Amino acid sequence: MIKLTFKTRPTNEIIARHGLQQGGRIQKYIDSEVTRYCEPYVPMLNGILKKSHKPATIVGSGLVTYNTPYARKQYYENKGNGEEGRNNGGLRGRLWFERMKADHKKDILKGAKEIAGIR
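Throughout, a residue's number is its position along its own chain's written sequence, starting from 1. Residues qualify for local features only when their pLDDT is at least 70, as the model is predicted, and side-chain atom pairs are given and counted only at 80 or more; totals for whole chains, interfaces and linings, by contrast, use all residues. Values reported for side chains reflect all heavy atoms of the structure, with hydrogen atoms and water molecules removed beforehand.

Asks: Which parts of the structure should I look at to understand the overall build of the chain?
Replies: When its secondary structure is counted, the chain shows six helices and zero strands. Written out in order from the N terminus, the α and β elements of the chain read α-α-α-α-α-α. The globule rule used for comparison is 2.2 Å times the number of residues to the exponent 0.38, while the radius of gyration itself is calculated over C-alpha atoms. For 119 residues, the compact-globule estimate of 2.2 N^0.38 gives 14 Å, and the chain exceeds it by more than 25% at 19 Å. Projected onto its principal axes, the C-alpha positions of the chain cover 75 × 25 × 20 Å. Think of it in three bands: residues with accessible area under 20% of the maximum for their type are buried, residues over 50% are exposed, and the middle band is partly exposed, with areas taken using a 1.4 Å probe on protein chains only. Looking at the chain residue by residue over its 119 residues, the buried ones come to 31%. Only heavy atoms matter for contacts: two residues are in contact if any of them lie within 4.5 Å across the pair. Intrachain contacts of the chain at a sequence separation of at least 6 include 49% that bridge at least 24 residues. If you average the places of the 23 positive and of the 11 negative side-chain charges in the chain, the two averages end up 7 Å apart. Helical segments are the DSSP runs of H or I of at least four residues, strand segments are the runs of E of at least two, and each set is numbered from the N terminus. Note that His is not counted, nor are the chain ends; the positive residues are Lys and Arg, and the negative ones are Asp and Glu. For the purpose of locating charges, the reference atoms are NZ of Lys, CZ of Arg, CG of Asp and CD of Glu.

Asks: So what exactly am I meant to see when it comes to the pattern of salt bridges here?
Replies: Take a side-chain nitrogen of Lys or Arg and a carboxyl oxygen of Asp or Glu: if they are within 4 Å of each other, that pair is a salt bridge. Per the stated rule, a full pass over the model turns up seven salt bridges. A salt bridge links Glu 39 to Arg 92, with the nearest nitrogen and oxygen atoms 3.4 Å apart. One end of the pair, Glu 39, is in the loop between helix 2 (25–38) and helix 3 (48–51); the other, Arg 92, is in the loop between helix 5 (71–77) and helix 6 (96–116), and 53 residues separate them in sequence. Of the charged contacts in the structure, one is a salt bridge between Lys 73 and Glu 77, with a shortest N-O distance of 3.8 Å. Remark: Glu 77 and Lys 73 occur in helix 5; sequence separation between them is four residues, near one turn of the helix. A cluster of three or more residues bridged by salt bridges with shared partners is formed by Glu 39, Lys 50, Glu 84 and Arg 92.

Asks: Help me out: how do you make sense of helix 6 in this one?
Replies: Because the α-helix completes a turn every 3.6 residues, residues three or four places apart line up on one side. What is called the bend at a residue is the angle between a pair of axes, fitted to the seven residues leading up to and ending at it and to the seven starting from it. Of all the bends found along helix 6, the most pronounced is centred on His 104 and spans about 65°. For helix 6, the set of buried residues is Trp 96, Arg 99, Met 100, His 104, Ile 108, Gly 111, Ala 112 and Ala 116. Contact partners of the buried residues in helix 6: helix 2, helix 3 and helix 5. Gly 117 lies just past helix 6 and shows a positive phi near 80°.

Printed below as a string of structure tokens:
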């Protein structure tokens, strides 16, 4: 009879070692990449909406916020008619996070895996 004993580190230590804890390096990376990749998708008249995430978002919180009185309306209703809008061959327009995610989710996850040391 062979008796095997496995010792593992505590779960919270493993999570922290890979940067997967709340506010850890992986969440900070994801938040930063989401804002970076969203930039060309956010509707822009004068740049206020596009830049409004900077003071409103705590990088690492898992929540990216665009904070203007009209952000919600633009997110759901923007027609994409601007110079760089979807109707003119660009990316800017409504549902910018969802459209960015469809285009760049794999890129963001690949980078997060690399940072976490996962193949």
